[in-house]
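# Residue-level structural notes
This is what each chain is made of:
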Amino acid sequence: MEIVQIVGLGLIVTLLTALLTDKSPQFSFLIIIFAEVIIFFFLIEKISDIILVLERLAVRANINMVYLETILKIIGIAYIAEFGAQITRDAGQGAIASKIELAGKILIMVMAVPIISVIIETVINLIPN
Amino acid sequence: MQFEIETIFQIAGIGIILAMIHTILKQMGKEDVAHWVIVIGFVVILYMVAFFVNDLFQEIQRVFLFQ
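Calculation criteria
- Residues numbered from 1 in each chain as written.
- Chains lettered and ligands numbered in written order.
- Predicted model: local features only at pLDDT ≥ 70, side-chain atom pairs only at ≥ 80, totals over all residues.
- Heavy atoms only, no water.
- Helix = DSSP H or I, 4+ residues; strand = E, 2+ residues; numbered from the N terminus.
- Buried < 20%, exposed > 50% of the residue type's maximum accessible area, 1.4 Å probe, protein only.
- Contact = heavy atoms within 4.5 Å.
- Areas by Shrake-Rupley, 256 points an atom, 1.4 Å probe, with all protein chains shown as cover.
- UniProt positions renumbered as here; feature names shortened; annotations may be inferred.
- Buried area = accessible area lost by both parts, 1.4 Å probe.
- Salt bridge = Lys/Arg side-chain N within 4 Å of Asp/Glu carboxyl O.
- Polar contact = N/O pair within 3.5 Å; in protein donor to acceptor, adjacent residues only side chain to side chain.
- Expected span 1.5 Å × (residues − 1).
- Arc of directions from axis to C-beta.

## A look at the overall build of chain A
- In terms of helices and strands, chain A carries four helices and zero strands.
- Listing every helix and strand of chain A by position from the N terminus yields α-α-α-α.
- Dimensions along the principal axes, computed over C-alpha positions, put chain A at roughly 70 × 35 × 15 Å.
- For chain A, with 129 residues in total, the buried portion stands at 31%.
- Intrachain contacts of chain A at a sequence separation of at least 6 include 55% that bridge at least 24 residues.
- Here chain A displays about 8,200 Å² of accessible surface, and carbon together with sulfur accounts for 71% of that area.

Have a look at this one:
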């Protein structure tokens, strides 16, 4: 029942934040960052289990490891960008948050270019001349 | 999870105590000292949080096969 732990953590953090916000908003903000980091830490153990299973499947299916690695890197970039964007949006800086999201999208696009080019080449090979 | 919960309470406690110290110093008329107290407390906690964020990013890089 790890979900109970996480919900409890969230409730405690919300209460502490409500307590601190009017006295010293900086500290409540740091508590929020901290709680987010902890929940991420908690999830990342599970994510690594899932990724191990995916890797095993990919090895058995004879998929080129480069593709799987690229996809995992894309997921990692998405996680980090989401983390930063949510924190900045919580702090009221929507403009910076959307810039972080834009940067994440562009970096993901750069990583995906090899895969896209492989797909396009495959499609072109399928088309008879 | 035990250790992390303790750290959250630590941060909240430091925040509350610093807010109290800030109010008292303000009442005593030492507003510049009160300001510096808040700044130093903020830096200390920021250091802790930055440490944990660094840990998190290292872990993400490890899990998602960045090397």
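There is more to say after this.
## Some details on the UniProt feature "transmembrane region" (unreviewed entry) in chain B
Residue and element names in this part refer to chain B.
- Here the UniProt feature "transmembrane region" (unreviewed entry) sits at residues 7-25 and 37-57.
- Structurally, residues 7-25 is divided into 100% helix and 0% strand, and its ends, taken at the C-alpha atoms, are 26 Å apart.
- Structurally, residues 37-57 is divided into 100% helix and 0% strand, and its ends, taken at the C-alpha atoms, are 30 Å apart.

## Things to note about the interface of chain B and chain A
- On the side of chain A, 35 residues touch chain B, which itself brings 29 residues to the contact.
- Across the interface of chain B and chain A, roughly 3,100 Å² is buried in total on both sides, 93% from carbon and sulfur atoms.
- Counting every contact that joins chain B to chain A gives zero salt bridges.
- Where chain B packs against chain A, one counts zero residue pairs in polar contact (both at pLDDT 80 or more).
- For the side of chain B that touches chain A, the secondary structure elements donating two or more residues are helix 1 (2-27) and helix 2 (31-63) of chain B.
- Broken down by element, the residue count for the side of chain B that touches chain A peaks at 14 residues, all from helix 2 of chain B.

## Brief notes about helix 1 (residues 2-20) of chain A
Residue and element names in this part refer to chain A.
- End to end, helix 1 covers 27 Å across 19 residues, agreeing with the expected 27 Å (1.5 Å per residue, within 8%).
- Here helix 1 has its buried residues at Ile 6, Leu 9, Val 13, Leu 16, Thr 17 and Leu 20. All buried residues of helix 1 project into a common sector of 100° when viewed along the axis, lining one side. Of the exposed residues in helix 1, those oriented more than 90 degrees away from the buried face are Ile 3, Val 4, Leu 11, Thr 14, Leu 15 and Ala 18.

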